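Listed below are the residues making up each chain.
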Amino acid sequence: MENRIPLPRHYKYFAFVALVLSAIAIVSSITISGSFYRSFWPSEMFGVHKGLPLLKDTPLFLEDAAGWDGQFYYLIANYPFSNSYPQYLDSAAYRTQRIGLPVTANLVSRFLFMEYVSPLVYSLTNIFVFLICALILISNFERWGQGFSVLLVPWLSSVGVTATLSHGLPDAFTSGILMVAILFYFKNKLYLYMAFATFAVLCREGTAFLFAGIALWEGLAMIRARSLIFRNIFTVSAPLVGLIFWQLYLYNLFGYFPSKQAHGMLAAPLEAVLKYFWSNTQSHKNLYTFHYLLIIGLAFFMGFKALMSQGNTKTRALGLGILIYTFLLSCLGHGVFMYHRDFLKGVLDLL
């Protein structure tokens, strides 16, 4: 009973999260002409798959505009594990590797006996999975102290959450899964940690760097203690092994690894963000770079503090994971920072 995960004790937490997510749906519906599909910013540059006839009359954004990434993940949700539609994707293998949200929406639609994944089902799947993760985190934070869940407010209400949930991107979805995985790791529910961590790397491959740090420290701790525990080895390494097998499957499907299409996604540490800062004369956009640099700096500090602490193995393992993951995020390239909103979702997990 001690490890049981209770529901939040106060309705105010339900109300807060529900209010934020309801606002997302309302704003998306109003600003994109009342169409959930248009909220994905579909572009004439890529068009609509002929297998989705009910969307053929939906107005698309101008041909010279690429739209946004939600249009690609929504298409993958209808045709997962397929290589029959590369002309409708900007980078087929790169997008398909982030299969977590699309395949979840596909399973929900199958459960509802639908012929294909509708934009509404896709959007609601994205929102409600994030909502479930948020409620799990809130209920556990409250067990640590009355009002302790207020620490989640910056994450729950961040633009990175609202922007990606309202436009069909998997970033907030992945962030929720990632944080629940870490929660289960600290609660020593290692098989649940393994499941959520593996799902997280299938949602966004970069999260593997955080889990690699945890696995590395756990391995070193076992070597120092001269005690190899199979359960620990299996559960902390499974997410990384799962990602490797998934990448090999994609190579077999497309004939190349997804990294081949990751043009401009990585650079030297802070190179891209500093170039963006010095070349951008619009001061309000530079606020986003300050936000990004502040979060990166705080994450490095907290990760180093956790690693150097005299706490238990899990605290120090997470510290190493945060340092490695933060280093990766500091190396994001110009392909990520083409738009100022990408600064906000780039460091979403670190909030």
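Residues numbered from 1 in each chain as written. Predicted model: local features only at pLDDT ≥ 70, side-chain atom pairs only at ≥ 80, totals over all residues. Heavy atoms only, no water.

1. Quick look at helix H10 (residues 208–225)
Structurally, the α-helix is built with 3.6 residues per turn, so residues lying three or four positions apart point the same way. Compared with an ideal rise of 1.5 Å per residue, which puts 18 residues at 26 Å, H10 spans 25 Å between its outermost C-alpha atoms and is within 8% of the ideal. For H10, the full list of buried residues reads Ala208, Leu210, Phe211, Gly213, Ile214, Ala215, Trp217, Glu218, Ala221 and Met222. (Helix = DSSP H or I, 4+ residues; strand = E, 2+ residues; numbered from the N terminus. Expected span 1.5 Å × (residues − 1). Buried < 20%, exposed > 50% of the residue type's maximum accessible area, 1.4 Å probe, protein only.)

2. Here's the deal with the pattern of salt bridges
All chains considered together, the criterion is met by 5 salt bridges. Notably, a salt bridge pairs arginine 95 with aspartate 90, separated by 2.8 Å at the nearest N-O pair. Of the charged contacts, one joins lysine 275 and glutamate 271 as a salt bridge, the two residues approaching to 3.1 Å between their closest N and O atoms. Remark: glutamate 271 and lysine 275 occur in helix H12 (residues 271–279); sequence separation between them is 4 residues, near one turn of the helix. (Salt bridge = Lys/Arg side-chain N within 4 Å of Asp/Glu carboxyl O.)

3. Details of a nonpolar patch on the surface
A cluster of nonpolar residues, Val241, Ile244, Phe245, Leu248, Tyr251 and Phe257, forms a patch on the protein surface that exposes about 590 Å² of accessible area. Tyrosine 251 gets classed as partly exposed once you look at its relative accessible area, which sits at 41%. (Patch = residues over 30% accessible without salt bridge, like charges linked within 9 Å, V, L, I, M, F, W, Y side chains within 5 Å. Areas by Shrake-Rupley, 256 points an atom, 1.4 Å probe, with all protein chains shown as cover.)

4. Comments concerning the packing of aromatic side chains
Enumeration according to the criterion identifies 20 aromatic pairs in this entry. Arranged with centres 5.9 Å apart and planes meeting at 45°, the rings of tyrosine 79 and tyrosine 85 form a pair that is tilted. The partly exposed category is assigned to tyrosine 79, whose relative accessible area is 22%. With relative accessibility at 1%, the residue tyrosine 85 sits in the buried group. With 5.2 Å between their ring centres and 45° between their planes, tyrosine 185 and tyrosine 193 make a pair best called tilted. On the basis of relative accessible area, tyrosine 185 is assigned to the buried category, the value being 0%. Taken together, the ring pairs in this structure connect Tyr37, Phe40, Tyr74 and Tyr122 into an aromatic cluster. (Phe/Tyr/Trp six-rings, centres within 6.5 Å; stacked < 30°, edge-to-face > 60°.)

5. Topic: the nonpolar core
As a rule of thumb, nonpolar side chains are buried together in soluble globular proteins. With 86 residues, the main nonpolar core has Tyr74, Tyr122, Trp155, Tyr193 and Phe211 as its most contacted residues. Aside from chain neighbours lying at most four places away, what touches phenylalanine 211 is Leu178, Ala181, Tyr193, Ala197, Ala200, Val201, Val236 and Leu240. (Core = buried A, V, L, I, M, F, W, Y, C linked by side-chain atoms within 4.5 Å. Contact = heavy atoms within 4.5 Å.)

6. Quick notes on the packing of helix H8 (residues 171–186) against H10
Where H8 meets H10, the closest approach of the two axes is 12 Å, and the angle between their N-to-C directions is 15°. As far as their axial angle goes, H10 and H8 are roughly parallel. Every pair of crossing elements has a handedness; the one defined by H8 and H10 is left-handed. From H8, Leu178, Ala181, Ile182 and Tyr185 reach across to H10, where they touch Leu210, Phe211, Ile214 and Glu218. (Axes fitted to C-alpha atoms, helices over the stretch in contact; angles between N-to-C directions. Parallel < 35°, antiparallel > 145°, perpendicular 65-115°, else oblique. Left-handed = near helix turned anticlockwise from the far one by under 90°.)

7. Some points on the environment of alanine 299
If you trace the backbone, alanine 299 turns up in helix H13 (residues 283–308). Excluding anything up to four places from it in sequence, alanine 299 contacts Ile322, Thr326 and Leu350.

8. Things to note about the side chain of glutamate 218
Looking at where glutamate 218 falls in the secondary structure, it is placed in helix H10. Buried within the structure, glutamate 218 lacks any salt-bridge partner; lysine 314 is the closest side chain of opposite charge, at an N-O distance of 4.3 Å. In terms of polar contacts, glutamate 218 uses its side chain to reach the side chain of tyrosine 185, at 2.5 Å. When near neighbours in sequence (up to four residues on either side) are disregarded, glutamate 218 contacts Tyr185, Asn232, Val236, Thr313 and Lys314. (Lys, Arg positive; Asp, Glu negative; His and termini not counted. Polar contact = N/O pair within 3.5 Å; in protein donor to acceptor, adjacent residues only side chain to side chain.)

9. Some words on the environment of leucine 307
Position of leucine 307 among the secondary structure elements: in helix H13. Given the relative accessible area of 11%, leucine 307 is considered buried. In this structure, the C-alpha to C-alpha distance between leucine 307 and glycine 319, residues 12 residues apart in sequence, is 4.5 Å. Every residue in contact with leucine 307, bar those within four places of it in the chain, is listed here: Trp217, Arg316, Gly319, Leu320 and Leu323.

10. Structural notes on the packing of H8 against helix H14 (residues 313–330)
Here H8 crosses H14 at 155°, and the two axes come no closer than 10 Å. On the basis of the axis angle, H8 is roughly antiparallel to H14. Between H8 and H14, the residues in contact are Leu178, Ile182, Tyr185 and Phe186 and Thr313, Lys314, Thr315, Ala317, Leu318 and Tyr325, respectively.

11. Topic: the confidence of the model for the protein
On average, residues of the protein carry a pLDDT of 83, and 81% of them reach 70 or more. Scored below 50 in pLDDT, residues 4–8 shows 15 contacts in the model against residues more than four places distant or in partner chains. (pLDDT = per-residue confidence, 0-100.)

12. What to know about helix H4 (residues 100–111)
Its 12 residues give H4 an end-to-end C-alpha distance of 17 Å, which sits within 8% of 16 Å, the value for a rise of 1.5 Å per residue. Gly100, Leu101, Pro102, Val103, Thr104, Ala105, Asn106 and Ser109 are the residues of H4 that are buried. Contacts from the buried residues of H4 go to helix H2 (70–78), helix H5 (119–143), H8 and helix H9 (190–203).

13. Let's talk about unusual backbone geometry
Backbone geometry at asparagine 188 places phi at a positive 65°, although glycine is not the residue there. Relative to the elements of secondary structure, asparagine 188 occurs in the loop between H8 and H9. A positive phi angle, close to 65°, is found at leucine 270, a residue other than glycine. Residue position: leucine 270 is located in the loop between helix H11 (230–254) and H12. Here leucine 270 falls in the partly exposed class, since its relative accessible area comes to 27%.

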